[in-house]
Amino acid sequence: MEKVTFALPKGRLLKEAVDFLSSVGIDASEVLTQTRKLIFEWEGYRFLLVKPMDVPTYVYYAAADLGIAGKDVIEEKGYDLYEPFDLGFGACRLSVAEPVNAPEPYDLEKLSYIRVATKYPRITDAYFRSKGIHPEIITLYGSVELAPLVGLTDRIVDLVQTGNTLKANGLKEVDTILHSTARLIVNKASLKTKYSLIKPILDRVKGKLLTQK
Ligand code: PRP
Ligand code: MG
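Conventions used here
Residues numbered from 1 in each chain as written. Chains lettered and ligands numbered in written order. Predicted model: local features only at pLDDT ≥ 70, side-chain atom pairs only at ≥ 80, totals over all residues. Heavy atoms only, no water. UniProt positions renumbered as here; feature names shortened; annotations may be inferred. Salt bridge = Lys/Arg side-chain N within 4 Å of Asp/Glu carboxyl O. Helix = DSSP H or I, 4+ residues; strand = E, 2+ residues; numbered from the N terminus. Buried < 20%, exposed > 50% of the residue type's maximum accessible area, 1.4 Å probe, protein only. Expected span 1.5 Å × (residues − 1). Arc of directions from axis to C-beta. Pairing = 2+ DSSP bridges. Axes fitted to C-alpha atoms, helices over the stretch in contact; angles between N-to-C directions. Contact = heavy atoms within 4.5 Å. Domains from an automatic or database assignment. Buried area = accessible area lost by both parts, 1.4 Å probe. Polar contact = N/O pair within 3.5 Å; in protein donor to acceptor, adjacent residues only side chain to side chain. Nonpolar A, V, L, I, M, F, W, Y, C, P; charged D, E, K, R; others polar.

Per an unreviewed UniProt entry, the chain goes by the name ATP phosphoribosyltransferase and belongs to Thermovibrio ammonificans. The annotation that UniProt attaches to the chain under Function (unreviewed entry) is "Catalyzes the condensation of ATP and 5-phosphoribose 1-diphosphate to form N'-(5'-phosphoribosyl)-ATP (PR-ATP). Has a crucial role in the pathway because the rate of histidine biosynthesis seems to be controlled primarily by regulation of HisG enzymatic activity."

**Describing the pattern of salt bridges**
Following the criterion strictly, the structure yields 15 salt bridges and no others. Notably, a salt bridge pairs Glu83 with Lys71, separated by 3.0 Å at the nearest N-O pair. Of this pair, Glu83 sits in strand β5 (residues 82-86) while Lys71 sits in helix α3 (residues 71-77), placing them 12 residues apart in sequence. The exposure class of Lys71 is buried, given its relative accessible area of 17%. For Lys199, the salt bridge goes to Asp203, with nearest N and O atoms at 2.9 Å. Placement of both Lys199 and Asp203 in helix α7 (residues 195-212) is noted, with a separation of four residues, approximately one turn of the helix. Each member of the salt-bridge network shares a partner with another, and the members are Lys71, Glu75, Glu83, Asp86 and Arg183.

**Things to note about α7**
If you check α7, its first and last C-alpha atoms are 25 Å apart, about what 18 residues at 1.5 Å a residue would give, namely 26 Å. If you check which residues of α7 are buried, you get Ile198, Ile201, Leu202, Val205 and Leu209. One face of α7 carries all of its buried residues, which in axial projection span an arc of 100°. In α7, those exposed residues whose orientation departs by more than 90 degrees from the buried face are Ser196, Leu210 and Thr211.

**Observations regarding the sheet that holds strand β10 (residues 171-180)**
An order of β8-β7-β9-β6-β10 is seen for the five strands of this open sheet, with the pairing classed as mixed. Each edge of the open sheet is held by one strand with a lone partner, namely β8 (134-139) and β10. Averaged over all neighbouring strand pairs, the angle between strand axes comes to 30°, with direction disregarded. Across eight bridges, the pairing between strand β6 (residues 92-99) and β10 is antiparallel. For Cys92, the partnering residue across the bridge sits in β10 and is Ser180. Sheet strands in contact with helix α4 (residues 121-130) are β6, β7 (113-118), β8, β9 (155-160) and β10, and its direction is about 170° off that of β8.

**Some words on the domain arrangement of the chain**
Taken domain by domain, the chain consists of domain 1 (4-90 + 180-211) and domain 2 (92-179). Look at where the C-alpha atoms of domain 1 and domain 2 centre, and you get two points 29 Å apart. Interface area lost by domain 1 to domain 2 is led by Asp72, Glu76 and Ser180, which between them contribute 59%. Linking domain 1 to domain 2 there are zero salt bridges. Taken together, the links from domain 1 to domain 2 amount to six residue pairs in polar contact (both at pLDDT 80 or more). Per element, the largest residue contribution to the side of domain 1 that touches domain 2 is six residues, and it comes from α3. For the side of domain 1 that touches domain 2, the residue count by class is two nonpolar, four polar and six charged.

Written as structure tokens, this is what we have:
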């Protein structure tokens, strides 16, 4: 039997993604079992456990038919994907932050250059260029808040959810680039070739989201 494959994000979004799928009748709970396995099956479904930033990649290249990913990573990767639904959970924002005791006030009008550390080089580059500011971007893969503390960069662009990580590292938000929530994404070719399998899923998701409103 032909299967429908989902790419699911490891980490913070995973539990809510699994709960959401369960609410539309898809049981992916085995992915939460914390084994070292990366691929799981349940009835006609397959679930891939991937890094959040890689979810759009798996879906774009059709290694997965559908995925659950934050708007932040969808924007960063920039692939041509079908993104039918905002799932509403996983709210956070992508912000610029700097040390609370930064010497100069953050003023986009006065800045012509900025040195910034981030996991989101594409969004960061486009954002500052759109403001006429030349960004020098140091790409990191985590613990981005460390960069200004050790003089790697003056500022960072990173996700803020509760604000605890900024606070714990003596940083403050000075600008917001985008607001993010989890989205359902679909490979455009899969939507056509597996229409009879994928369309009912999309209908159930739509129904679920309508009842939440
Ligand atoms: C994420 C993000 C921020 C933090 C935001 O990091 O990069 O650092 O969470 O959450 P908060 O505002 O609630 O503190 P994560 O813990 O996923 O680790 P990483 O950046 O090292 O990958
Ligand atoms: Mg972090």
